[in-house]
Amino acid sequence: MITTDLVVLGGGPAGYVAAIQAAKLGKEVILVEEDLMGGTCLNRGCIPTKALLQSASVKHDIDHADEFGFSLKSDYEINFATIQARKEKIVSNLRNGVSALMKKNKIKVLHGKGAVMGPSIFSPVSGTVTVTYEDPSKEETVIVPKNLIIATGSRVKSLPNLKIDEENILSSTGMLEISELPKTVAVIGGGVIGVEFASFLNRMGSKVTVIEYADRLVINESPSISQELKRAFEGDGICVKTSAKVQKAEVVNGGVAVSIEGEAKPEIFDKVLVAVGREPNIDNIGLINTSIKFDKKGIQVNKHYQTAESHIYAIGDAIPTLQLAHVGMAEGKIAVEHLVNNCQDTLDYVSMPRCTYTSPEIASVGYTQADIPEGMKVKVGKFPFTSNGKGMIAGAKGGFVEVLRNEENDDLLGISIIGPHATEMISEGSLARYVNASAHELGEVVHPHPTLSEAIQEAALDSYKMAIHK
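Quick caveat, the model's predicted, so the values are computed rather than measured. Here, residues in each chain are numbered from 1, in the same order as that chain's written sequence. With the structure being a predicted model, the display of local features is reserved for residues of pLDDT at least 70 and the display and counting of side-chain atom pairs for 80 or more, all residues being used for whole-chain, interface and lining totals. Hydrogen atoms and water are omitted, and side-chain values are computed over all heavy atoms in the structure.

Caption draft 1: Broad picture of unusual backbone geometry. Between serine 359 and the following residue, proline 360, the backbone shows a cis peptide bond with an omega angle of 5°. Helix and strand definitions follow DSSP, with helices as H or I runs of at least four residues and strands as E runs of at least two, each counted in order from the N terminus. As for its position among the elements, proline 360 is in the loop between strand E20 (354-356) and strand E21 (361-366). The residue asparagine 342 is not glycine, and still its phi comes out positive at about 55°. One non-glycine residue, asparagine 436, lies in the positive phi region at around 60°. Residue position: asparagine 436 is located in the loop between helix H10 (422-434) and helix H11 (439-444). Working definition: with a 1.4 Å probe on protein chains only, accessible area under 20% of the residue-type maximum means buried, over 50% means exposed, and in between means partly exposed. Residue asparagine 436 is classed as exposed on the basis of its relative accessible area of 56%.

Caption draft 2: Spatial organisation of the sheet that holds E20. Two strands qualify as a pair provided DSSP detects at least 2 bridges between them. Spatially, E20-E21-E24-E23-E22 is the arrangement adopted by the five strands of the open sheet, whose pairing is antiparallel. The sheet is open, and its two borders are formed by E20 and strand E22 (378-384), each paired with just one other strand. For this sheet, the mean angle separating the axes of adjacent strands, direction not counted, is 10°. Of the pairings in the sheet, the one linking E21 to strand E24 (residues 412-419) comprises six bridges and is antiparallel in character. Across the sheet, residue isoleucine 362 finds its bridge partner in E24, namely isoleucine 418. Helix axes are fitted to C-alpha atoms over the stretch in contact, other axes to C-alpha atoms as well, and angles between N-to-C directions run from 0 to 180 degrees.

Caption draft 3: Geometry of the UniProt feature "domain: Pyridine nucleotide-disulphide oxidoreductase dimerisation" (unreviewed entry) in the protein. UniProt positions are given in the numbering used here, feature names are shortened, and annotations may be inferred rather than shown by experiment. The positions that UniProt labels "domain: Pyridine nucleotide-disulphide oxidoreductase dimerisation" (unreviewed entry) are, in the present scheme, residues 352-460. Split by type, residues 352-460 is 29% helix and 28% strand. Its first and last C-alpha atoms lie 19 Å apart.

Caption draft 4: Quick peek at the sheet that holds strand E10 (residues 207-211). Read from one edge of the open sheet, five strands run E8-E15-E9-E10-E11, paired in parallel fashion. Edge positions in the sheet fall to strand E8 (169-170) and strand E11 (239-241), since each has one partner strand and no second. When strand E9 (residues 184-188) meets E10, the two strands line up parallel, connected through five bridges. Looking at the pairing, alanine 186 lines up with threonine 209 of E10. Note on contacts: a residue pair is in contact if any heavy atoms of the two residues lie within 4.5 Å. In this fold helix H6 (residues 192-203) packs onto E9, E10 and strand E15 (271-274), with an angle of close to 165° to the strand it touches most, E10.

Caption draft 5: Just the environment of glutamate 28, in detail. When you line up the elements, glutamate 28 lands in the loop between helix H1 (13-24) and strand E2 (29-32). For glutamate 28, a relative accessible area of 48% puts it in the partly exposed group. When the C-alpha atoms of glutamate 28 and alanine 422 are compared, they prove to be 40 Å apart, with 394 residues separating the residues in sequence. Once residues within four sequence positions are removed from consideration, glutamate 28 is found in contact with Thr3, Thr4, Asp5 and Leu6.

Caption draft 6: Just the state of the cysteines, in detail. A pair of sulfur atoms, both from cysteines and within 2.5 Å, is called a disulfide here. Counted under the stated rule, the structure contains one disulfide. A sulfur-sulfur distance of 2.4 Å marks the disulfide that ties cysteine 41 to cysteine 46. What sets the handedness of the cysteine 41 and cysteine 46 disulfide is the S-S torsion sign, and at about -130° it is left-handed.

Right, here's the structure in full:
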């Protein structure tokens with residue numbers, strides 16, 4: 001039996017950041033990770049997908065080099081094995097970096113499956129953790145911590161009529177491991193994961209069809225953003241079907257027949273990607289041994305991330321908040337500051353930036369036109385990248401910045417961006433929300449010229465009908 005100040009279950013972004021924060025505050029920490037350090041984000045999500053998207057971006061630049069004055073007189077070949085190897089090298093380097101941070105901060109890492117015990121001979125309260133290992137000859141470890149943080153992440157969801165086999169019908173995990181590019185792909189789900197893979201596969205030369213049950217893509221973004229993404233996708237040759245319900249997908253002669261409600265016959269694809277979201281990975285970790293409340297959406301916590309057992313916290317994708325790595329990291333820091341210093345800081349989820357790495361990129365912070373609080377009077381400002389000097393230089397074919405302000409007090413309510421480098425620019429909006437800047441201040445602060453960020457300034461001014469270049 002081992003005693004310690006804190007056990008963290010899960011080595012993803014939420015878990016490892018919480019562990020490091022606690023160690024920096026002087027606590028003895030043990031982190032338990034069943035799989036790979038870095039979690040889904042580093043190994044099967046954020047990082048590898050963006051590495052693939054970068055390769056697709058290079059291919060797009062080559063394909064459109066003539067627009068910038070370069071005539072390529074010979075064809076080129078795609079070495080997909082090299083693209084995948086580059087992705088794996090990036091992931092491996094970052095994973096090694098996380099492990100190095102564990103050593104630097106003197107955090108003990110146990111590579112096994114952790115489960116929570118209820119009151120027992122080891123402790124009169126819940127929270128003792130047992131760690132079992134793949135090697136059956138290795139004896140289980142029992143840890144009795146003063147505090148426990150559950151950061152077990154999430155896993156891919158599917159639908160009852162879509163059996164993922166990771167060969168023909170794939171999850172995002174399987175799609176990341178393909179050895180060759182399919183000629184035709186159906187992407188079932190028009191959320192962030194689905195549209196990012198659609199963008200990648202289309203740029204790499206696959207014929208892509210996106211099938212979304214809702215009436216628009218990226219349903220959590222502004223309707224104007226959804227409309228612009230659909231326009232851009234269709235302009236790039238992606239077939240977009242919204243308000244479409246997939247009845248079934250069956251493997252037929254090496255292909256996949258996808259049946260959509262209301263369509264006369266199924267369409268055959270080489271591969272199908274199921275991208276209908278993720279669900280919390282909280283099964284079989286011993287929660288039933290405790291008084292912790294949970295359901296299929298995740299573990300219930302208070303604003304400090306305490307569960308019903310106040311010495312046990314839960315963060316990241318294990319709780320029903322935004323499933324974003326940077327949000328989990330922020331939750332981890334706040335949870336640790338509360339358990340160590342009784343800090344009362346909380347997280348403003350409305351002000352969390354949200355990024356989608358499609359082509360064109362999408363980023364937003366604050367409210368959108370779809371979720372403005374009822375009764376609030378709102379003014380909207382908008383500015384297109386086709387009227388922005390740097391946007392024209394970058395070759396933008398569309399896209400815009402949309403700014404929402406409260407008409408009564410000038411508060412900045414939200415910013416939505418679709419266009420080049422949107423995911424980098426959104427931090428200006430995050431900072432503005434954090435310091436409670438007004439839309440007027442955002443519009444009056446001097447922006448360097450020529451920059452894409454000038455479109456944020458112009459959109460803010462446009463909410464007052466004072467944009468200079470519109």
